[in-house]
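Breakdown of the fold
If you want the building blocks of each chain, they are given just below.
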4 protein chains.
Amino acid sequence: MTGKQKVAVVGASGYTGEELLRVLSRHPNIELTAVTSRQYAGKTISQLLGPQALSANLVLENLDPAAVGGKAEVFFLALPHGVAAEYAVPLLKAGKVVIDLSADFRLKNPAKYKEYYKEEHPAPELLKESVYGLPELYREALKNAQLIACPGCYPTSAILALAPALRHKLIRPETIVVNSLSGVSGAGKKADVVYSFSERDENMMPYSVPKHRHIPEIEQELSNLDGEAVAISFTPHLVPLVRGMLTTVIAEMVHPHKQEDVQKIYEDFYRHEPFVPVLPADQLPETKRVQRTNACEVAVRADARTGRLLMFSAQDNLGKGAATQAVQAFNVRFGYPEATGLI
Amino acid sequence: MTGKQKVAVVGASGYTGEELLRVLSRHPNIELTAVTSRQYAGKTISQLLGPQALSANLVLENLDPAAVGGKAEVFFLALPHGVAAEYAVPLLKAGKVVIDLSADFRLKNPAKYKEYYKEEHPAPELLKESVYGLPELYREALKNAQLIACPGCYPTSAILALAPALRHKLIRPETIVVNSLSGVSGAGKKADVVYSFSERDENMMPYSVPKHRHIPEIEQELSNLDGEAVAISFTPHLVPLVRGMLTTVIAEMVHPHKQEDVQKIYEDFYRHEPFVPVLPADQLPETKRVQRTNACEVAVRADARTGRLLMFSAQDNLGKGAATQAVQAFNVRFGYPEATGLI
Amino acid sequence: MTGKQKVAVVGASGYTGEELLRVLSRHPNIELTAVTSRQYAGKTISQLLGPQALSANLVLENLDPAAVGGKAEVFFLALPHGVAAEYAVPLLKAGKVVIDLSADFRLKNPAKYKEYYKEEHPAPELLKESVYGLPELYREALKNAQLIACPGCYPTSAILALAPALRHKLIRPETIVVNSLSGVSGAGKKADVVYSFSERDENMMPYSVPKHRHIPEIEQELSNLDGEAVAISFTPHLVPLVRGMLTTVIAEMVHPHKQEDVQKIYEDFYRHEPFVPVLPADQLPETKRVQRTNACEVAVRADARTGRLLMFSAQDNLGKGAATQAVQAFNVRFGYPEATGLI
Amino acid sequence: MTGKQKVAVVGASGYTGEELLRVLSRHPNIELTAVTSRQYAGKTISQLLGPQALSANLVLENLDPAAVGGKAEVFFLALPHGVAAEYAVPLLKAGKVVIDLSADFRLKNPAKYKEYYKEEHPAPELLKESVYGLPELYREALKNAQLIACPGCYPTSAILALAPALRHKLIRPETIVVNSLSGVSGAGKKADVVYSFSERDENMMPYSVPKHRHIPEIEQELSNLDGEAVAISFTPHLVPLVRGMLTTVIAEMVHPHKQEDVQKIYEDFYRHEPFVPVLPADQLPETKRVQRTNACEVAVRADARTGRLLMFSAQDNLGKGAATQAVQAFNVRFGYPEATGLI
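Computed from a predicted model, the values in this text were never measured in an experiment. (Residues numbered from 1 in each chain as written. Chains lettered and ligands numbered in written order. Predicted model: local features only at pLDDT ≥ 70, side-chain atom pairs only at ≥ 80, totals over all residues. Heavy atoms only, no water.)

What follows covers the relation of the copies chain A and chain D. The two copies are related by a screw operation: chain A maps onto chain D through 180° of rotation and 0.0 Å of translation along the axis, at an RMSD of 0.0 Å. The two molecules are tied by a two-fold rotation axis, judged by turn and shift. Distance from the rotation axis, computed per C-alpha, reaches its smallest value in chain A at glutamate 202 of chain A: 4.3 Å. Comparing contact sets, 100% of the residues at the interface of chain A also lie at the interface in chain D, consistent with an isologous, same-surface contact. (Least-squares fit on C-alpha atoms with pLDDT ≥ 70 in both. Contact = heavy atoms within 4.5 Å.)

Here we take up the interface of chain A and chain D. Counting residues at the interface gives 21 residues for chain A, matched by 21 residues for chain D. A combined buried area of about 1,500 Å² lies between chain A and chain D, and 51% of that area is made up of carbon and sulfur atoms. One can count eight residue pairs in polar contact (both at pLDDT 80 or more) joining chain A with chain D. Counting only elements with at least two residues in the side of chain A that touches chain D, the list comes to helix H2 (45-49) and helix H11 (287-290) of chain A. (Buried area = accessible area lost by both parts, 1.4 Å probe. Polar contact = N/O pair within 3.5 Å; in protein donor to acceptor, adjacent residues only side chain to side chain. Helix = DSSP H or I, 4+ residues; strand = E, 2+ residues; numbered from the N terminus.)

The next point concerns the pairing of strand S9 (residues 233-238) of chain D. Residue and element names in this part refer to chain D. Counting buried positions along S9 yields six of six residues, so the element is predominantly enclosed. A two-sided burial pattern is seen for S9, the buried positions comprising Ser233, Thr235 and His237 on one face and Phe234, Pro236 and Leu238 on the other. Summarising the sheet, strand S7 (residues 177-182) and S9 pair through six bridges and their orientation is parallel. Each residue of the ladder has a partner; that of asparagine 179, found in S9, is threonine 235. Of the strand pairs in this sheet, strand S8 (residues 205-206) and S9 are connected by two bridges, and their pairing is antiparallel. (Buried < 20%, exposed > 50% of the residue type's maximum accessible area, 1.4 Å probe, protein only. Pairing = 2+ DSSP bridges.)

Quick look at the relation of the copies chain C and chain A now. Between the two chain copies there is a screw-like relation: a rotation about an axis and a shift along it. The transformation that overlays chain C on chain A combines an axial shift of 0.0 Å with a rotation of 180°, and the residual RMSD is 0.0 Å. Interface overlap between copies is the fraction of interface residues in one copy that are interface residues in the other; for chain C against chain A it reaches 100%, indicating a shared surface.

Our focus in this paragraph is the interface of chain C and chain A. Contacts between chain C and chain A engage 50 residues on the former and 50 residues on the latter. Interface area for chain C against chain A, summed over the two sides, is near 4,100 Å², with a carbon-plus-sulfur share of 56%. When the buried area of chain C at its contact with chain A is split by residue, Glu202, Met204 and Arg305 of chain C rank highest and sum to 19% of it. Summed over the shared surface of chain C and chain A, the result is four salt bridges. With a shortest N-O distance of 3.2 Å, glutamate 286 of chain A and arginine 200 of chain C are connected by a salt bridge. Our enumeration of links across chain C and chain A arrives at 28 residue pairs in polar contact (both at pLDDT 80 or more). (Salt bridge = Lys/Arg side-chain N within 4 Å of Asp/Glu carboxyl O.)

Take the domain arrangement of chain A next. All names here are of chain A. Its domain assignment divides chain A into domain 1 (5-150 + 322-334) and domain 2 (154-315). One C-alpha centre belongs to domain 1, the other to domain 2, and the line joining them spans 25 Å. Each partner contributes residues to the interface: domain 1 has 25 residues there, and domain 2 has 26 residues. Between domain 1 and domain 2 lies a buried interface of about 2,200 Å² when both sides are counted; carbon and sulfur atoms form 50% of it. With a closest N to O distance of 2.5 Å, lysine 189 and glutamate 18 form a salt bridge. At the boundary of domain 1 and domain 2, one finds 17 residue pairs in polar contact (both at pLDDT 80 or more). Looking at the side of domain 1 that touches domain 2, its residues break down into nine nonpolar, seven polar and nine charged. (Domains from an automatic or database assignment. Nonpolar A, V, L, I, M, F, W, Y, C, P; charged D, E, K, R; others polar.)

Turning to the nonpolar core, a few remarks are in order. Proteins that are soluble and globular tend to have nonpolar side chains buried together. Residues and elements named next belong to chain B. With 45 residues, the main nonpolar core has Leu162, Ile171, Ile176, Leu222, Tyr266, Leu309 and Met311 as its most contacted residues. Broken down by secondary-structure element, the contributors of at least two residues to this core are helix H5 (110-117), helix H7 (153-167), helix H9 (215-226), strand S10 (245-252), helix H10 (259-269), strand S11 (296-303) and strand S12 (308-315). Looking at which domains feed residues into this core, each of domain 1 (5-150 + 322-334) and domain 2 (154-315) supplies at least three. In this view, tyrosine 266 contacts Ala161, Leu162, Pro164, Ala165, Leu170, Val278, Val298, Val300 and Met311; residues no more than four positions away in its chain are not counted. (Core = buried A, V, L, I, M, F, W, Y, C linked by side-chain atoms within 4.5 Å.)

Turning next to H7 of chain B. Residues and elements named next belong to chain B. With 15 residues, H7 ought to run about 21 Å at 1.5 Å a step, and its terminal C-alpha atoms sit 21 Å apart, in line with that. The sharpest bend along H7 measures roughly 35° and falls at alanine 161, with the proline proline 164 sitting one to four residues further on. Of all the 15 residues making up H7, 14 are buried; the element is thus mostly covered by neighbouring parts of the structure. With its phi angle positive at about 55°, lysine 169 sits one or two positions after the end of H7. (Expected span 1.5 Å × (residues − 1). Bend = angle between axes of the 7 residues up to and from the residue.)

Residue and element names in this part refer to chain C. Along strand S12 (residues 308-315), eight of the eight residues are buried, which leaves the element largely enclosed by surrounding structure. Every second residue of S12 is oriented toward a common face, with Arg308, Leu310, Phe312 and Ala314 on one face and Leu309, Met311, Ser313 and Gln315 on the other, all of them buried. Pairing analysis gives eight bridges linking strand S10 (residues 245-252) to S12, with the strands arranged antiparallel. Following the sheet pairing, threonine 248 is matched in S12 by phenylalanine 312. The pairing of strand S11 (residues 296-303) with S12 spans eight bridges and is antiparallel. Paired with valine 300 across the two strands is methionine 311, which belongs to S12. Between S11 and S12, which pair antiparallel and follow one another directly, the connecting turn spans four residues, one of which, glycine 307, has a positive phi of 70°.

Residue and element names in this part refer to chain B. For the pair helix H1 (residues 15-24) and helix H12 (residues 323-334), interaxial distance at closest approach is 8 Å and the crossing angle is 50°. The orientation of H1 with respect to H12, classified from their angle, is oblique. Our pair here, H1 against H12, has a crossing hand that is right-handed. Residues Thr16, Glu19, Leu20, Val23 and Leu24 of H1 lie in contact with H12, whose contacting residues are Ala323, Thr324 and Val327. Counted by class, the contact of H1 with H12 contains five nonpolar, two polar and one charged residues. (Axes fitted to C-alpha atoms, helices over the stretch in contact; angles between N-to-C directions. Parallel < 35°, antiparallel > 145°, perpendicular 65-115°, else oblique. Left-handed = near helix turned anticlockwise from the far one by under 90°.)

Set out below in structure tokens:
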């Protein structure tokens, strides 16, 4: 497809919204027609982001769903969960395409939503319609989606590390242990002493143990890959850097595979995926290599000594873990080359 | 002097208060009898600071001046300006010794206080009585002080860098340019996006230009050293580390001095000061060397090419710039060896 | 015991040696009589460490085993593996006490040494004699030890997190997965681009997968605790901070224990250990709380959903993970109160 | 101009070379035909930079001047001083365009080169021919340049901050004091303990005082702007971040100008410069805003109290301070829109 889409960003006050603006303002097939922000209404993109974004003179506005609805055909929602649904419902009724970066439409089971988000799901009828915005697994469905539910950062990193192993039945799903390290931007743009420089610098900690909100999302997708219900242990850690996410997954192998076999399975699985490079057997991922890109580097190791498979992934939590992955889904949805605006 | 003093810390919610607790809880001549904190009332020191402080079971309380007054003989005030005076006035009336770490009693001229702090001075009659808590310049007066006004972090670093040059008339005071770099803990323990990790990490900026509140304090003390009114340019910068302060001062030399001459003047000036090491002529200060100490390292360079004198100092903004310097002043006041509890 | 021991530090060129100097120079029962360093020979402690250490005028020397042997009664070896044995053998023959911080005397099985360190063990006859320097598990044996093999940083963090669970048979040892995050000082003081600021800042990575050299040491001690051979998965990660180590351990529970039960087991196990605080059930460890201390904070969580036990520990890799733990072992060996010089 | 230039990068082993590859590999009018690197010869760009660069399969080679000369028409030299001239001389003879990022052709006076670089200038006859690659001052000359000498990072930041003030005679040149803070990548990709993470993190220091090699370059250009010889004080500082440079300049005003006057002079001076935004009077520069851009944000303050002018600039030391500025000069040279490939 050629031509441009009229696009609005709803909610540009946080780091994901900012990153969306940086990327969308450079995208050759996007015309940014509206950007909303309660906090920065009245400022231009240039005042907010300096020389890091184009469309510099566009003014941010505080707009409700009705007001913003007329301004574009495609809407990126970078809003808190719950609030996103308030925008998505009327926009979808009006025939718009909604690319939602919140948690509102990721879980197919509204009971899980209630269990982890402590509220009734605001629009359960839309859960069947939404397509999970991970192009590596849902590329075909995304091409016709009206509502795209972009994955969370932790789920993206865990699913991409595990997908080949589960599809190829390399591991026992009931033994999966996921440990993730996240940069502080993952906590959002918050006025909170816990996330202040003086508290976080030279410090690290686990958090949200043992029931982080991303668990049902990870388990839903791993279950789809495996064919049976998968339950995992997931432990997120906060480390002192701004952008980056490193995930280490360990599980028992079903059979004692050799490194060259699992290496080949992983390489084959992602052979045609431009954004999931599989590292050679002598290299492990580093987050800096993927910073400010849409890539999620993946590595796999068969540990003969313990009979376990080790899987690793590295991504930018604001990139493949959030904003650029949403743009990748946009490209798939509208038929642009998948890397448009992303490299 | 031997024996112990009953000591209270008023205001332990911030980084200076925390550092005071770490140091005072180890001081062999101090019995911590009360610690106040609005925010952490009910918690023990151990809950607040973990294994970094002793007196672990002492419980923090929210106490007004009257209530805390009966609990100790010496009071360290780690409070915001204005609030400090509310405690200092009744405590002094009750005959207590007050070691104030706020800005309330540093400026001798209440008009300057009003100009920079935008309020009438709350107790101008005490300004004559207070002794500036920089032992290197006011050791004798501190021995009998009832009210000690501990210096600000920037003033400590600038004054110690400049004192030998001004006393020895090496430089033209009207040409003094002071540039300082501060770690983020200097901004306090604050829930503010500006001081969040994601904003400050990998970032730096000047701030409070050209009228930072520490200017009148620096100028007051430099004028005392020089004998005539000194006006300076002072530019503070925020850099991404937690604890540390580096100050670079540049001024025109009155005469073209050689390095060995200015080196000797500086070494002689601080020869008997255990906490102000003068670095040799082939070394420049680094803040990490003085982190978590009460030292302020000083260096001097004569630049024959430009006819200027370069003066440098490095300290820990929470150490010699705040908490440990207050303890040094306490030691002087009560006749303990000056390094007691500090190394 | 009272009085002072004559103590030498052999190998003060690295971060562990520096930290030893900081701590030992303040220890009231230690007289530092010699410090060796090939790299810094001729410098004083003060030139090396600035105001962070006492014994400032002691000069570092480049001394061979024979030359240093006459200078003290107790020797802390902060040397590379292999080199440590070259000093330990003659010193032990001369009747000295050796506290070795290298890997040379930790493994009881010389075959494991050869497998992981790629060399024949230099003095296998000493392996029976050496006592593992973890006071929480080997306090009695340490009281008469001539050769103390101080634990590695990763082993200390993993063993302390797992000890109560293994002793109380709470978990299936064959399911143990250990993930650790280390500050960069753990890699030593190295001129290597990999450890340069520009490479490591804003970056993180796993490394030495799947066969890190600390694995046989961890497995040896876990097997002692469990009574049967234990094999683990261990994945270390490098994160951008200088000092700190965080370890997350996950294993299947044998029975579905409740949080209050495992909490009580952990609290009882470490009730009399001043340096292993067990955190309450609503708190998780942070490395900053233990920075520059000898503490290793431990937490435990029973995850009913997955039937797994989660165990966490946080320590300073140069503190309880290296230098201060060696001093704790020294205190035990010579009958000083265990916290002497450490708080 | 349209079409593509055949371009080679000579010396891709350092951070400037890497950044050049990132930018040039995306530039729509550049065909990368050769990249040389002694250290990484045999690797592909993709192996070196991962997903951060395109032209992924180009293989780096170790090529001497004769061998590389036939491979392109335009040569970016990211080499140490001295080595750069060894390539530039034969390439220029062969009629190629050379864009040199080293110090070899910046100083017009070979005596200054010898004084600061301790070697005879390797090709003094070329100094008349070279054009200083700062488009904001030398745009016209660059359009026909065969040899472009790209400015150093510190000179760029100082000159852009000072240019309007000197051109408009706002300040007394003999009073100029320049203080700069640089990220650690400015020191290059070096295996040196001084630049290791454990040494530089949580640390800061001045260095190369008082005779940094960039001083004659700054003074040469300020003298051109002022019309008379200008001598400055320049103090660089190393701070713990990777990419960023902040410069603070202070000088006495000739007359007591008001803020609105100096503000207008600065805004007018840079009104048509897309890469030098002048900040409004209520904002000060932060380096993060310009990270990974070609922008150098500038601010100015008139301090009525001291009669001084304060000038600030913020840039990315690898961006406007090095690689992207070289690309900007390339765009000017070949008639492409100046921002091509840069935003």
